[in-house]
Amino acid sequence: MEELKVSLEYCYGIKKLDYDFDFKTSPRYSIYAPNGFMKTSLSKCFMDLSRNSETKDKVFPERASKRAIKDEAGVDVSSENVFVIEPYNASFSSEKVSLLLVNKVLKDEYEKALSKIDEKRSSLIGKLKQLTGLTGRSNTPESEILKCFGGDSILEALDGMESDIPMTEDKRLSGLVYSEIFNDKTLSFLESGNIKAELLDYIQKYDDLIEKSPILSKSFNHYHAKVVQKNLADNGFFSANHSVNLFNGQTKEEISSADQLEQKIEDEKKRILADDGLQKKFEEIDKKLKNDDLRKFRDYLFDNKDIVAELADYEKFRRNILLSYLVNQIGPYKEFTSEYRAGKSIIEKVISAAEKEKTDWEKVVEVFNSRFTVPFKIEIKNQGDVILKNAAPFVAFTFVDSENSNSIPRDELLSVLSQGERRALYILDILFELNVRIKNGTKTLLIVDDIADSFDYKNKYSIVEYLKEVSASHNFRCIFMTHNFDFHRTISGRLDIKRDKRLFAARNDGNITLTQEKYHSPFEFWKNNIDRSRFTISAIPFVRNLAEYCGWQDEYLKLTSLLHIKNDSHTITVKDLEVIYSAILKDKAALVLPDHGKSVIDLVFQEADLIIPEADASAELESKIILSIAIRLKAEIFMIGKIVDKAFVGAITKNQTQKLFERFQSDFPQERDALMLLGQVNLMTPENIHINSFMYEPILDLGIGDLKRLYTDVKSMTK
């Protein structure tokens, strides 16, 4: 991605924004936006894109929103190529942590062995689905085998069933449909014991009839007889002209064909099942199957009365049916067990190696532990399963203090951490996500939204250094956004963001424009242009602080008189200011300012009047400082003129504007409009214009439009 073309309309309060980001010369941008301008709104637009969500204007949902974010070819940027780092999101957890735990060589070896096993397993399970009728998502052949034979793995369970498989297939059992007999409703019914007595009566009667049969007995029932008949037929016994004799209690009857023997067994089975006494016992069972949920089960039993006797030990019956299916599919089953045993030793070897493997995940944790100050340590408890079985990582946290350490769940850990420490834990999840993208070579548009907000300085600079390393990857294109000018300045310097990539956001009637930063250090720029009226005035607070710190007391007091109305305020001329600047700014000893005889106070108001009609988007820090000074001076002129108490005003040594406001409030409580306006003056003209001019963030964050309106209102009040 060499270019990013962003076009937004009516998106989260952004009326319109069009900007083309050019990454050809540098992969990084930094955008400074005062509070309330557009930073969060722009971040949300990119977040929507990353989530494949629509972007809307939530305040005015009826407005048609437009979001176009395209590359240099005019193609929409893909969601997977966008990652937004929010200031803080307690619920964020990278879904890709497991990808950092994988050694590719081990993973490939493991998956190759597992793939061969799974191919045979899938073939076998497919056959079992047809036989069992278990084709749903929850009840499957695998789930039923695990229930009946135990175990955590279907592979191990199938392998372990071999010793239980009978030598020959019982076609009677393998022909039954498992799902028709055993489901949640029927099992619940059988487990309740409500039918136990009836089943025992039925079985006793059935056994009595079997014992009285001329050809069958309890030890040689019709099931056994069918097995004998099938084995004889399958092995060519009758085709070799052999015959068998059945003893009917009195004489022997010769049977010379498989069909004749099968018919004889079937007739005897029907005779026994048709017995009136046995029928009555079945009807007792049937009476308890009138429930709608059991109707299908009842119908199946009615068509297969010979299985009723097996239900007394239904758990054994379940296992026998499943085993009969494996005999029916003995070929696919043998292929599975053969492949499983061949690959098992490979899998065990790889798992053992994986548990010892040092992974990218550990490298991320090492970076985190070495750079960020937090009272906990982290480790993965199930590394082998994550690497090889695609299990979710189980992250263990150990809280450490000066005396002891203790493992603690993440939720409990969060409850004992400070806000800064919780944010650091959030950063750990961000590191995981970024490292996965680096590892996979994912081309990423990285949007960083005030990530260092509310961090202590050590962790803040740790974040900056890490972002510097990440942004050096040729697969990343980065846009850093902040409302903190100090952070904008820091990240621009440390990440070597070029001047044309440092942007300021401005708003005009909801339309957002991004313009190149005019200067990185205002003080140096002002000093170099101090002979121009706008910078002559904006430098007053800065030079005043220098005078205070360097012990220039007279100069300090004179400059204070240009920020508050004192007895000499109106008499200080541009020439006086030139003398002070020349003395304190050693490289400006030859400074010559225009209009020597002009009052500096008049120059302040003149320059403020010139700023009012200028476009808001063109306003820089100096314009905000001049308006702030002018507003405060106008307000003090108004209050001093109303109070008319020279002794009171002359006795004020600090917090002059506030002291004047308190006196005005006391003397003129009825002047509500004036009090409201003066209250705004105290709120919107920060102390920075004279107490600490090295930290201008509060003024930077003020909208120029608000300052213009306040100056105009205060000016009209003083006329």
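For the structure, see preceding data.
Not measured: the values here are computed from a predicted model. (Residues numbered from 1 in each chain as written. Predicted model: local features only at pLDDT ≥ 70, side-chain atom pairs only at ≥ 80, totals over all residues. Heavy atoms only, no water.)

Geometrically, a packed helix pair is captured by the angle between its two axes and the distance between the axes. Orientation of helix α3 (residues 141-149) relative to helix α13 (residues 314-328), taken along the N-to-C sense of each, is 130 degrees, at an axis distance of 10 Å. In terms of orientation, α3 lies oblique with respect to α13. Considering how the two elements wind past one another, α3 and α13 form a crossing that is left-handed. Note on element contacts: α13 touches α3 through Arg318, Arg319, Leu322 and Leu323, opposite Glu144, Ile145, Lys147, Cys148 and Phe149. (Axes fitted to C-alpha atoms, helices over the stretch in contact; angles between N-to-C directions. Helix = DSSP H or I, 4+ residues; strand = E, 2+ residues; numbered from the N terminus. Parallel < 35°, antiparallel > 145°, perpendicular 65-115°, else oblique. Left-handed = near helix turned anticlockwise from the far one by under 90°. Contact = heavy atoms within 4.5 Å.)

It is worth spelling out the packing of aromatic side chains at this point. Summed over the entire model, instances satisfying the criterion amount to 13 aromatic pairs. With a centroid separation of 5.6 Å and an interplanar angle of 55 degrees, the aromatic rings of Phe638 and Phe664 are classed as tilted. Highlighted residues: Phe638 in helix α27 (residues 621-643) and Phe664 in helix α29 (residues 656-667), separated in sequence by 26 residues. No difference in accessibility class separates Phe638 from Phe664, as the two residues are buried. (Phe/Tyr/Trp six-rings, centres within 6.5 Å; stacked < 30°, edge-to-face > 60°. Buried < 20%, exposed > 50% of the residue type's maximum accessible area, 1.4 Å probe, protein only.)

Alignment of strand β1 (residues 3-11) against strand β2 (residues 14-22), held across eight bridges, turns out to be antiparallel. Note on β2: the bridge partner recorded for Leu4 is Phe21. Counting the residues in the hairpin turn of β1 and β2 gives two residues, including Tyr12, whose phi is positive at 50 degrees. As paired elements, β2 and strand β14 (residues 511-516) share two bridges and run parallel to each other. Residue pairing in the sheet places Lys16 in a bridge with Asn511 of β14. (Pairing = 2+ DSSP bridges.)

Moving on: α3. Within α3, the full set of buried residues consists of Pro141, Glu142, Ser143, Glu144, Ile145 and Cys148. Looking one or two residues past α3, Gly150 carries a phi angle of roughly 75 degrees, positive in sign.

Let us now look at the sheet that holds strand β11 (residues 444-449). Spatially, nine strands are ordered β4-β1-β2-β14-β13-β3-β12-β11-β5 in an open sheet, and the strand pairing comes out mixed. Edge positions in the sheet fall to β4 (66-71) and β5 (82-85), since each of these pairs with one other strand and no more. This sheet shows a mean twist of 20 degrees between the axes of neighbouring strands, independent of strand direction. Where β11 and strand β12 (residues 476-482) come together, six bridges link them in parallel fashion. Bridge pairing in β12 links Leu445 to Arg477.

Moving on to the environment of Arg371. Position of Arg371 among the secondary structure elements: in helix α15 (residues 360-371). Residue Arg371 is classed as partly exposed on the basis of its relative accessible area, which comes to 22%.

Following the criterion strictly, the structure yields 34 salt bridges and no others. Between Lys16 and Glu9 there is a salt bridge, with the nearest N and O atoms lying 3.2 Å from each other. Ionic contacts of the salt-bridge type, sharing partners, join the residues Glu3, Lys5, Asp20, Asp22 and Lys24 into one network. (Salt bridge = Lys/Arg side-chain N within 4 Å of Asp/Glu carboxyl O.)

Time to look at the pairing of β12. Summarising burial for β12: seven of the seven residues are buried, a large majority. Going residue by residue along β12, you find Phe476, Cys478, Phe480 and Thr482 tucked away on one face and Arg477, Ile479 and Met481 tucked away on the opposite face as well.

With respect to the helices and strands, the residue Arg437 is situated in helix α18 (residues 419-440). A polar contact is formed between the side chain of Arg437 and the side chain of Thr444, at a distance of 3.1 Å. (Polar contact = N/O pair within 3.5 Å; in protein donor to acceptor, adjacent residues only side chain to side chain.)

Here we take up the packing of helix α23 (residues 540-550) against helix α25 (residues 574-584). Relative to each other, α23 and α25 sit at 55 degrees, their axes nearing to 11 Å. Considered as vectors, α23 and α25 are oriented oblique to each other. Remark: the crossing between α23 and α25 carries left-handed chirality. Contacts between α23 and α25 pair Ile540, Val543, Leu546 and Ala547 from the former with Leu577, Tyr581 and Ile584 from the latter. Counted by class, the contact of α23 with α25 contains seven nonpolar, no polar and no charged residues. (Nonpolar A, V, L, I, M, F, W, Y, C, P; charged D, E, K, R; others polar.)

Nonpolar side chains in soluble globular proteins tend to be buried together. Counting residues in each nonpolar core, the largest one holds 66 residues, and the members touching the most others are Ile540, Tyr581 and Met639. For this core, the element with the most residues is α27, which contributes 12 residues. Of all hydrophobic cores here, the second largest spans 42 residues; its members include Tyr300, Ile307, Ile321 and Phe336. (Core = buried A, V, L, I, M, F, W, Y, C linked by side-chain atoms within 4.5 Å.)

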